[in-house]
Each structure stands twice: as structure tokens, then as C-alpha cells.
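Coordinates in review
Okay, here's what each chain looks like letter by letter:
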Amino acid sequence: MNRLLRILLVLAAYGFFKEFKPSEPYLYEFEHETLNISSEDLSSRVYPVWTYSYLIFLVPVFLLTDILLYKPIIVAEAVSYLVCWILFDLPIAKSVLTQQIIEVLYGAASATEVAYFAYIYVVVDRSFFKRATSISRAALQAGKFTSYLTAQLIILLHWGDYYTLNYIATGSLALGFIASLLLPMASWRVAYERRFPIKDGEMRKEEPSYGIFVKRLIMTLWKDTVSMYSNSFILKWSLWWALASCVDYQVQNYAQTLWGSVQTEDTQYNGITEAIVPLVAFPTVLLMEKVNVRWHLWGEATLAVLSIIDAGILLLSALTPSIFVMYGCYIVYRVLYEAMITIAQFNLASHLYKDSFGLLFGLNTFVALVLQTILTMVVADKKGLHLPIREQALQEWRSSTEGRGANGEQ
């Protein structure tokens, strides 16, 4: 087995285990019904903390990911997720304060995910970027599918309760932590040579070292940022990434609360709904490797059309009284997002002249988080408008229409 295949397998195993969290589709029910935390406290005092935490942690993450060569950040993600679910299992989880601490840790884990997506591009050749992107994202979808299907079976067939789901998730995240330790460190020397190439016949002025690598990264940080976004192709896809991710984060964060506003005991199919998303997204993401489209010609039109479709789906979900229509809208929206974010990630990585993957993905996510933070403060937080959950969903729809307009103007 060659080295590249081993790395891909370990990375895929880590991606699978970190997403195998059966309790995720039922976290709202667990927190509201089992821990007895009110819906109002969850939507206005607990869930917004994740957005703020994500934003705060993302700043050092996108600055340090390339410098620390990815693996330490991936290990930090694994630790953050594991501590989150350990806290869920403890008696102190019944307090709002503990739930807020969990959201802080979850935000830290979300921020460090940048390293998972950037790591593979440093250890493989550019000719394998498309395949590596599909494999790394497909591993996430596989983990989600088996996790959510397991959750639905356990709840539907009464094999256990919400605590059972938490215990399984904790075990899986422990395995994910072990897998993160098994990942080899990216070579600073390879990163140096890719980042600071020399022309044929030239001699390097000084013998490279890790210290010099770090120094040059810091010194060229602003120049690299300006250079990246001066590329109109990267700017366009980055803008879509930020706007689409902003709405997607909001949808994922509050979907269960929206469902809970119309659900009854007989219509709790969160698990199977969440399972269908990766079931469809898994082959879709893998097929993205086979899609040969001249994105520099058709990218703008594709993004605009999909943004319009997404806006219609979110509007229908916000207005319908039917939980099954909400489930259907969620599935279609999430699959479209996963397909297009895979294409966006590959396109951005392929057009990046220097290997500033952590910086680019981190900055794009940072912009998305700034937008989501503003949206959360205005519509969800008690210090803002503190809108009911359906009104919040309508604000998500308005945000998605802004994304459509931005794409059309590019």
C-alpha cells in the first residue's frame, strides 16, 4: 500500500468517525425534553453561542493552520468534539451554562475543520486534487449517513434513549481522536518548496528551515491575501462560498427548532431525514470528480440558478405547516449545498497559485461567520429582534436571495 493511499485512508477514517454522532439529529429533543431546557433558552441563549465561538476561534485557526502544518489543528478539532460529548453525558449538562460551554467547544471544533479540508492538498500532487477532495468529503457523508440511520433505528425501535445516542457518539469521537494522531505531519520542506519556488538556474539565498518557513509565511501573509482575491475566479467562488455557507450554518443550527414547532410524537423522523442527506450526497460528491465543466464559463450561471432554487426551498420550508414538507426541503437544500461546496473547494484549490489553502478556506469561512453572526444577533439573540423561529427562517430565505443577487452581479 503506497503512502498516499495510507494517508487518504487514515484521513477518511478520521472524517468518518468525527461525523459519526448519532445524537446530533436529536440534540434539540435531548436538550429540551430530557435536560428540560426551554425552547426559548435554546434558540436565544444557547445556540447563538456556537456562532460567536466559531467566529472567535476561526481567526487564530486560519492564521495558524498553514504555519502549524495542519495536523495539530486536526487533533485540536478531535479533542474539542470529544470533550463536547463527554460533557453531554455528565449530570451538569442540565444547566444553560454547561450548554453554552458545549457550544463554545463545538464552535472551536467547527473552526478547526478548515485543517481537515486543507491538509490533503499539501500531501498530494495537484493532479490528484479532484479525487482527494471527493474522497475526503465522501468520508464525511458516509459517517453522517450511518450515524443518522443508527439514531433513527435506536429511537424508532426503542433500543435505547437519547443518552444511548450520546454514549455511541462519544465512543466514535474517541476513535476519531486516535485516527487524528495517526495522521503523518505534513512536511514543512515540501510546503516551503511549493510556497516559495525558485526559478530554474537560481540558487536559494539561505538554507531553508522550519523557522525560516514560518517567518516567510508571516511576512507574505498580506501579500498572499491580496494576490488570492485579485484573481476574479477565486473571488467569485469565494463570495459564493461565504454567502452559501452563512445560510447553511443557520439552517443547520436552527432546523431542529423549526421542526419542533410543528412536530408531534408520531412525526419525529429527524434521524432518517438527516440520514437521507448524506445517502444522496455521498454518491453525488463522488460523482463531482467525474464532472467536466468549464467552470470559468458556466460557473456564474450555475451559482445563480442554484441560489434561486435554494431561496425557493427555504421560503417553502419557512411557510409550510407540514413537517414532511420541511423534511423534504431540508434534504434537497443540503444535498445541493454539499454538491456545490465540493465543486467550489476543488476549483479554489486548483486555481490557487501558492499553497495557502488554510488561509483561503479560513478567510472564506470567516466572512461567512461574520455574516452569520450579524444575522444571529439581529434575528435570534435576545439583545436583537429575538424573532420567533418561523420569522428567523424567513430571514434565512432573505439572506439566500442576497446570495443570488451577489452571484448575478459578478
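Residues numbered from 1 in each chain as written. Predicted model: local features only at pLDDT ≥ 70, side-chain atom pairs only at ≥ 80, totals over all residues. Heavy atoms only, no water.

Let's talk about the overall build of the protein
This is how the line gets drawn: Secondary structure elements are taken from DSSP: a helix is a run of H or I of four residues or more, a strand is a run of E of two residues or more, and numbering for both begins at the N terminus. Burial here depends on accessible area, computed with a 1.4 Å probe over protein chains only, as a share of the maximum for the residue type. Under 20% is buried, over 50% is exposed, and the range in between is partly exposed. The Shrake-Rupley method, run with a 1.4 Å probe sphere, supplies the accessible areas, and residue values consider only the shown protein chains as cover.
Across its full length, the protein carries 16 helices and zero strands. Considering the protein as a whole, with its 410 residues, one finds that 57% of them fall into the buried category. Surface exposure of the protein reaches about 17300 Å², of which carbon and sulfur atoms provide 67%.

Digging into empty space enclosed by the protein
One water molecule sets the probe size; rolling that probe over the atoms shows where empty space is left. Note the threshold: Think of a 1 Å grid over just the protein atoms. A cavity is a set of points where a 1.4 Å probe fits yet cannot get out, a pocket is an open set with protein on both sides within 12 Å along at least five of seven lines, and lining residues have an atom within 4 Å of a point. Grid points are joined across faces, edges and corners, and a volume is the space filled by probe spheres set on the points. Each residue receives one of three labels: charged for Asp, Glu, Lys and Arg, nonpolar for Ala, Val, Leu, Ile, Met, Phe, Trp, Tyr, Cys and Pro, and polar for the others, Gly being one of them.
Scanning the model with the defined rule gives five cavities of 30 Å³ or more in all. In terms of lining, the largest cavity is formed by 44 residues, of which the most central are Glu24, Trp50, Tyr106, Ser110 and Gln252. The element best represented in the lining of the largest cavity is helix 11 (residues 232-260), accounting for nine residues. In terms of residue class, the lining of the largest cavity is built from 24 nonpolar, eight polar and 12 charged.

Focus: helix 11
Going by this rule: To estimate the expected span of a helix, count its residues, drop one, and scale the result by 1.5 Å. A 3.5 Å cut-off defines polar contacts: any pair of N or O atoms within that distance qualifies, except that in protein one atom must be a possible hydrogen donor and the other a possible acceptor, and neighbouring residues in sequence count only when both atoms are side-chain atoms.
Relative to the 42 Å expected for 29 residues at 1.5 Å per residue, helix 11 spans 42 Å between its end C-alpha atoms, a close match to the ideal helical length. Within helix 11, 24 of the 29 residues are buried, which leaves the element mostly enclosed by the surrounding structure. The backbone nitrogen of Phe233 lies 2.9 Å from a side-chain oxygen of the residue at the head of helix 11, namely Asn231.

Describing the packing of aromatic side chains
Note the threshold: Any pair of Phe, Tyr and Trp rings, taking the six-membered ring for Trp, is counted once the centres come within 6.5 Å. Such a pair is stacked with planes under 30 degrees apart, edge-to-face with planes over 60 apart, and tilted for the rest. Comment: the charge-over-ring label is applied if NZ (Lys) or CZ (Arg) is within 6 Å of the ring centre and within 35 degrees of the ring normal.
Counting across every chain of the model gives 22 aromatic pairs. Consider the rings of Trp85 and Tyr106, whose centres lie 5.9 Å apart with planes at 45 degrees: the pair is tilted. Of the two residues, Trp85 sits in helix 4 (residues 71-88) while Tyr106 sits in helix 5 (residues 96-123), which places them 21 residues apart along the sequence. Classification of Tyr106 as buried rests on a relative accessible area of 17%. By way of ring pairs, the aromatic residues Phe30, Tyr81, Trp85, Phe88, Tyr106, Tyr163 and Tyr167 are connected into one cluster. Above the face of the Tyr116 ring, Lys18 is positioned so that its terminal group lies 5.3 Å from the ring centre. Positioned above the aromatic ring of Phe117, the side-chain terminus of Arg137 is 4.2 Å from the ring centre.

Points about the packing of helix 2 (residues 27-34) against helix 7 (residues 162-182)
Where we set the bar: To get an axis, fit a line to the C-alpha atoms, keeping to the stretch in contact for a helix; angles then go from 0 to 180 degrees between the N-to-C directions. Comment on the angle field: the value is read as roughly parallel under 35 degrees, roughly antiparallel over 145, roughly perpendicular from 65 to 115, and oblique elsewhere. Helix crossings are classified by the rotation of the near helix relative to the far one: an anticlockwise turn of less than a right angle makes the crossing left-handed, while a clockwise turn makes it right-handed. Whether two residues touch is decided by their heavy atoms; if any such pair falls within 4.5 Å, the residues are in contact.
Interaxial distance between helix 2 and helix 7 falls to 10 Å at its minimum, and their mutual angle equals 130 degrees. In terms of orientation, helix 2 and helix 7 fall into the oblique class. Crossing geometry of helix 2 relative to helix 7 is assigned as left-handed. Along the contact surface, helix 2 presents Glu29, Phe30, Glu33 and Thr34, while helix 7 presents Tyr162, Tyr163 and Asn166. In the contact of helix 2 with helix 7, the residues fall into three nonpolar, two polar and two charged.

Quick notes on the side chain of Lys18
With respect to the element layout, Lys18 can be found in helix 1 (residues 3-19). Ignoring any residue separated from it by four or fewer positions in sequence, one finds Lys18 in contact with Glu77, Glu113, Tyr116, Leu140 and Leu173.

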